[in-house]
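# Observations on the three-dimensional arrangement
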Amino acid sequence: MLLLSLAWRSLRNRAVITGLTLVSIALSVALLVGIEHIRRGVRESFAGTIKGTDLIVGARGGTTQVLLSTVFGMSTPTGSVSWATYERWRAHPAVRWTIPYVLGDAHQGHRVIGTTAEFFSRYRFRDRSVTFAAGGPPETDREVAIGAEVAERLGYTLGREVVLAHGVAAVSFAEHTAHPFVVRGIIARTFTPIDRALYVTLDGLTAMHAAEEGAGGLMMGPPSPHTEGPAPITAFLVGTKNRFETLQLQREMNEDRTEPLTAIIPGVALGQLWQTIGSAEVGLRVVAALTLVVGLIGMCVALFASLESRRREMAILRAVGAGPRTIVALLVLESGVLATLAAGLGVALVYGGILVARGAVEARFGIALTMQALGTTEWLYLGLIVIAGTLVGLLPAWRAYRNALTDGLSPSL
Amino acid sequence: MSVRDARRGTTGPAVAIRDLRFSYVPGHEVIDLPALEFARGETVFLHGPSGSGKTTLLGLIAGVLTPQVGQLAILGTDLTTLSRGARDRFRAAHLGYVFQMFNLIPYLTVRENITLPCRLSADRRARVTDPDAAARVLADRLEIAPLLEARVTALSVGQQQRVAVARALIGAPALIVCDEPTSALDADRRDRFLELLFANVAEAESTLLFVSHDLSLAGRFDRTLALRELNRAAATGGV
Ligand SMILES: Nc1ncnc2c1ncn2[C@@H]1O[C@H](COP(=O)(O)OP(=O)(O)OP(=O)(O)O)[C@@H](O)[C@H]1O
Ligand SMILES: [Mg+2]
């Protein structure tokens, strides 16, 4: 207790240098913990891109391609799935609901998705469902619902007329002018790729392509309205009646001979994708760790520098009865107190930063920073920082120990 | 030997040295003392020129330095047989030390500086009922009472030295060692300081070992020793 109070008073006595050291270590701690926090936030946002869907089914192709094309609107779809096949799987006893996706058209570089009302009632992201900032889902074949980013970038409001184009290029050469749509709803911001897409009904797409055909226009719509009956779709999402049946159903779909399909489990596919893109985070962590090392070296230097001017103090303590070990303990305690305070301050900085910036970060990047408690990784870091900080104090302490033994009571200043 | 000494739990002469040798660097002996002894309650004046080994000898007596050869008994305890930790405890319990200057821990108040030995040593603590009260009594006697809660950096050198004496005396240790405590004081303040020191050492019934190169002070002490004559190392190789 005496030592702790001595260490504390001594640190306070050198307030400026202590403060600077404290801030420099605290900043590195904040960087390390903050990066970990953001990493978790990003990971959770990413994993929450699609929830509640048990299977995503597309034409036979790579897992990542199916995931990217349906959920993220990136990469090209693996092909198409005939309406008959879709109907057959929809009637499967294990299936509770399905959401069909028809892709291939665009508007001003934004993806257009033809789907059913199921999308608006069943689709989940981060345990939330799709809601509307204004209006509602498209009901007729002339209505379109647009994502928040589409509305914002293009300045669209309800009632605005929208002409879709074939293909996803920003400047499209083939516009479906014969069948314009009207904005029926603006989807509230989701921070998922939904924000960047437009949603129409299946009938809407069919009618649009039929209108082109009728007008003798281009006939290159990917799920082309070929023969009789409803047009093929690009992919469909499946919710099963029972989670245990998901794996069984996935196998059945993947092995079915009638029409080759690829059924993926979104959670698993997202995890795999994260593995491949997540390696960048290692680099971030390394940089943060290096910053911390620099901070600790700074502390060591500060302690060393103070040591020379404190030899007198050490001699006094020795004369009053403190042993060399007490001197060592005092210095190690000082660095330990400093490291602990720095760790605390660093964490405070992180939470303070989240509190201040989370609105802006969520609005700008769609990363939900929460005031959640520290995770095990963070606690591990903090523990390591305090231990490392304390150990760093051992170096000057060892020096002081040797001085204490040889100086006697008249330190050669 | 007084009742007080019995209570302090020590016996024997204050200092008893025989054939003591010490060197900082092997081969360069700083101390080579055939014999030195003085009794309890004596006030001893030890003088010698700069570099003759005065501070070194005090470090040996305080148990901060370890002699290479010889016997060194303080208050009847042979320091050479004690472990380093035991020597530290012994020093904390039985010795009061006053330096030439810079005696005080800069980040503690005057009161905290004075009571520091009580916080470091259980023995010292056991001999005072209330360290703060003891500090007040000593501060009163040493005429620094108004400064008790002051920061030590705000003190004059003379005041600092009196605070150091108060710290050396708290808990009445058997041996008070002063290493040129007056060399930074002018004549008036030096005389007042010595008066207060003597009065308080007498009050505590402690032995006083006072080191200085200022021979004019010698007359006030019971005994005067010249280190140069005692120390064979200094006689041959001193500065
Ligand atoms: N820590 C040390 N390491 C090596 N040599 C030392 C050390 N301290 C003192 N000495 C040497 O030991 C000798 C005696 O030094 P000491 O400090 O005991 O002298 P002193 O009599 O107290 O002198 P002064 O009156 O100047 O204080 C000197 O020659 C000095 O150089
Ligand atoms: Mg000296």
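Residues numbered from 1 in each chain as written. Chains lettered and ligands numbered in written order. Predicted model: local features only at pLDDT ≥ 70, side-chain atom pairs only at ≥ 80, totals over all residues. Heavy atoms only, no water.

A count of helical and extended segments in chain A gives 14 helices and 13 strands. In summary, chain A has a C-alpha radius of gyration of 32 Å against a globular reference of 22 Å for 413 residues, an excess of more than 25%. C-alpha extents for chain A along the principal axes are approximately 105 × 45 × 30 Å. For chain A, with 413 residues in total, the buried portion stands at 51%. For chain A, contacts bridging at least 24 residues in sequence account for 77% of all contacts bridging at least 6. Here chain A displays about 18600 Å² of accessible surface, and carbon together with sulfur accounts for 63% of that area. (Helix = DSSP H or I, 4+ residues; strand = E, 2+ residues; numbered from the N terminus. Rg over C-alpha atoms; globule rule 2.2 N^0.38 Å. Buried < 20%, exposed > 50% of the residue type's maximum accessible area, 1.4 Å probe, protein only. Contact = heavy atoms within 4.5 Å. Areas by Shrake-Rupley, 256 points an atom, 1.4 Å probe, with all protein chains shown as cover.)

Residue and element names in this part refer to chain A. There is a patch of nonpolar side chains on the surface, built from Val23, Leu27, Leu345 and Leu349 and spanning about 320 Å² of accessible area. Going through the elements one at a time, helix 2 (15-47) and helix 12 (324-365) are the ones with two or more residues in the nonpolar patch. Secondary-structure assignment places Val23 in helix 2. (Patch = residues over 30% accessible without salt bridge, like charges linked within 9 Å, V, L, I, M, F, W, Y side chains within 5 Å. Salt bridge = Lys/Arg side-chain N within 4 Å of Asp/Glu carboxyl O.)

Attention now moves to the interface of chain A and chain B. Taken together, the contact pairs 27 residues of chain A with 28 residues of chain B. Taking the shortest distance from any N to any O, the salt bridge between Arg318(A) and Asp88(B) comes out at 3.2 Å. Our count for the contact surface shared by chain A and chain B stands at seven residue pairs in polar contact (both at pLDDT 80 or more). Looking at the side of chain A that touches chain B, the elements that each hand over two or more residues are helix 1 (2-13), helix 11 (311-320), helix 12 and helix 14 (394-407) of chain A. Residue contributions to the side of chain A that touches chain B peak at eight residues, all from helix 11 of chain A. Its residues assigned to classes, the side of chain A that touches chain B comprises 14 nonpolar, eight polar and five charged. (Polar contact = N/O pair within 3.5 Å; in protein donor to acceptor, adjacent residues only side chain to side chain. Nonpolar A, V, L, I, M, F, W, Y, C, P; charged D, E, K, R; others polar.)

Residue and element names in this part refer to chain B. Averaged over all residues, the pLDDT of chain B equals 84, while 93% of them reach at least 70. Considering each helix and strand of chain B separately, the mean pLDDT is smallest for helix 10 (residues 232-237), with a value of 60, and largest for strand 3 (residues 43-47), with 91. What the predictor reports for the complex is a pTM of 0.70 with an ipTM of 0.83. (pLDDT = per-residue confidence, 0-100.)

Looking now at the pattern of salt bridges. If you walk through the whole model with that rule in mind, you get 27 salt bridges over all chains. Notably, a salt bridge pairs Glu195(B) with Arg192(B), separated by 2.8 Å at the nearest N-O pair. Pair noted here: Glu195(B) and Arg192(B) are both in helix 8 (residues 187-204), with a separation of three residues, about one helical turn. Judged by relative accessible area, Glu195(B) falls into the partly exposed class, the value being 45%. Arg192(B) gets classed as partly exposed once you look at its relative accessible area, which sits at 33%. Three or more residues joined by partner-sharing salt bridges are found here, namely Arg14(A), Arg310(A), Glu313(A) and Glu334(A).

Turning to the site of ligand 1, a few remarks are in order. All residues in the neighbourhood of ligand 1 are listed as Thr406(A), Tyr24(B), Val30(B), Pro49(B), Ser50(B), Gly51(B), Ser52(B), Gly53(B), Lys54(B), Thr55(B), Thr56(B) and Glu180(B). Flanking ligand 1 are residues from chains A and B. In the environment of ligand 1, an oxygen atom lies 2.5 Å from a nitrogen or oxygen atom belonging to the side chain of Thr56(B). Coverage of ligand 1 by the protein amounts to 68% of the 630 Å² it exposes when considered alone. (Near = heavy atom within 4 Å.)

Before going further, it helps to examine the domain arrangement of chain A. Structurally, chain A comprises domain 1 (2-47 + 280-408) and domain 2 (55-264). Distance between the C-alpha centres of domain 1 of chain A and domain 2 of chain A: 53 Å. (Domains from an automatic or database assignment.)

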